[in-house]
Amino acid sequence: MADTKRSKVTLGMLYEKMRKAEPITMITCYDFPMADLVEKAGVDMVLVGDSMGMTILGYDSTLPVTQDVMMPHVQAVRRGTPNSWLIGDMPYMTYQPSVETAIRCAGRFMAEGACDAVKLEGGAEMADRMAGIVRSGIPCMGHLGLTPQSVSALGGYKVQGKGALQAKKIVDDARALEDAGAYSILLEMVPDRVCELITKRAGIPIISLGSGLHAHGQLLIFHDMFNLYPKFKPKMAKVFGDAGKTIGDGLKQYVTEVTTKQFPQAENWFTIKDDEYAELLKLVGD
Ligand code: KIV
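K.L.:
Honestly, the overall build of the protein chain in this entry has me stumped. Any pointers?
P.N.:
Across its full length, the protein chain carries 12 helices and 8 strands. On the principal axes, the C-alpha backbone points of the protein chain span a range of 85 × 40 × 35 Å. Across the 286 residues of the protein chain, 47% fall into the buried class.

K.L.:
Before we go on, may I ask you to explain the nonpolar core in this structure?
P.N.:
The tendency in soluble globular proteins is for nonpolar side chains to be buried side by side. Counting residues in hydrophobic clusters, the biggest one holds 71 residues, and the most contacted among them are Met45 and Met90. If one sorts the elements of this core by residue count, helix α8 (residues 164-179) sits on top with 5 residues.

K.L.:
Got a minute to help me understand the domain arrangement of the protein chain in this structure?
P.N.:
It is common to give the size of an interface as the accessible area that goes away when the parts come together. For the protein chain, the domain assignment lists domain 1 (11-241) and domain 2 (247-284). Computed over C-alpha atoms only, the centres of domain 1 and domain 2 are separated by 46 Å.

K.L.:
Is there a simple way to explain the packing of α8 against helix α9 (residues 192-201) in this structure?
P.N.:
Axes are the key here: two packed helices are described by the angle between their axes and the distance separating the axes. One way to put it is that α8 packs onto α9 with a least axis distance of 10 Å and a crossing angle of 25°. The pairing of α8 with α9 is recorded here as roughly parallel in orientation. Here α8 and α9 pass one another in a crossing that is right-handed. In this structure, α8 contributes Ala167, Ile170, Val171, Ala174 and Arg175 to the contact, and α9 contributes Val194, Leu197, Ile198 and Arg201.

The rules behind the values
Residues numbered from 1 in each chain as written. Predicted model: local features only at pLDDT ≥ 70, side-chain atom pairs only at ≥ 80, totals over all residues. Heavy atoms only, no water. Helix = DSSP H or I, 4+ residues; strand = E, 2+ residues; numbered from the N terminus. Buried < 20%, exposed > 50% of the residue type's maximum accessible area, 1.4 Å probe, protein only. Core = buried A, V, L, I, M, F, W, Y, C linked by side-chain atoms within 4.5 Å. Domains from an automatic or database assignment. Axes fitted to C-alpha atoms, helices over the stretch in contact; angles between N-to-C directions. Parallel < 35°, antiparallel > 145°, perpendicular 65-115°, else oblique. Left-handed = near helix turned anticlockwise from the far one by under 90°. Contact = heavy atoms within 4.5 Å.

Structure representation (structure tokens):
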């Protein structure tokens, strides 16, 4: 069960960490058992990302994920991690169409998912959505650099901001999001010195995913950290434990033990008393 002794992470605590230059930890999470582990490890921020479309559902992108599909996962994660700062990731086309759709989607994550915040992708062009959500009393995180919902326009999953002009746009977008009220910004696959520059200029926590050490905090995708995503391993991910191998080996052993009748053993099944069994035989006429 989740360790409920840890005190609830608040926005104030995240800002305090930023001020004290204590790195903020963030991880993606998609279900109750993972959330329980994340809670016990004391991770600060937990993102139920639309990356679940790839890591959990096996799609090639995040685009098919809807809020209806995400919501039970958000609720399961909240049950497993009552004390982390929980972020609902706004899925494709829930906030792009208008400020109103953005506020409605964000509100649903808060009301039905008991989230603490939401996250949206995009820069200055999304500043009015950001401002609308924040005006509604909902903390909202920005997401710049590689924004997977725009993978087609970006030409694939690749580093963003390698050229000075493109990097300047990311710097300007970070300013626009902060001015619009973002409580934090995630920089995904941005060169480390660009991330450092943005971090130095920001008054809000900047979180890095593959963008170097200089941000106020780090994010990794759960499935990348534990070798649970079979399709590829991104350069930015470090495998902190090979759960994929452990589970794979266990499954092979299970197949062997069942086929050779080593499993199950007496401790793995249930019995009926002799007299009850004798009565049963009479009842069925055996
Ligand atoms: O969906 C997600 O997990 C994300 C991360 C890739 C940042 O948005």
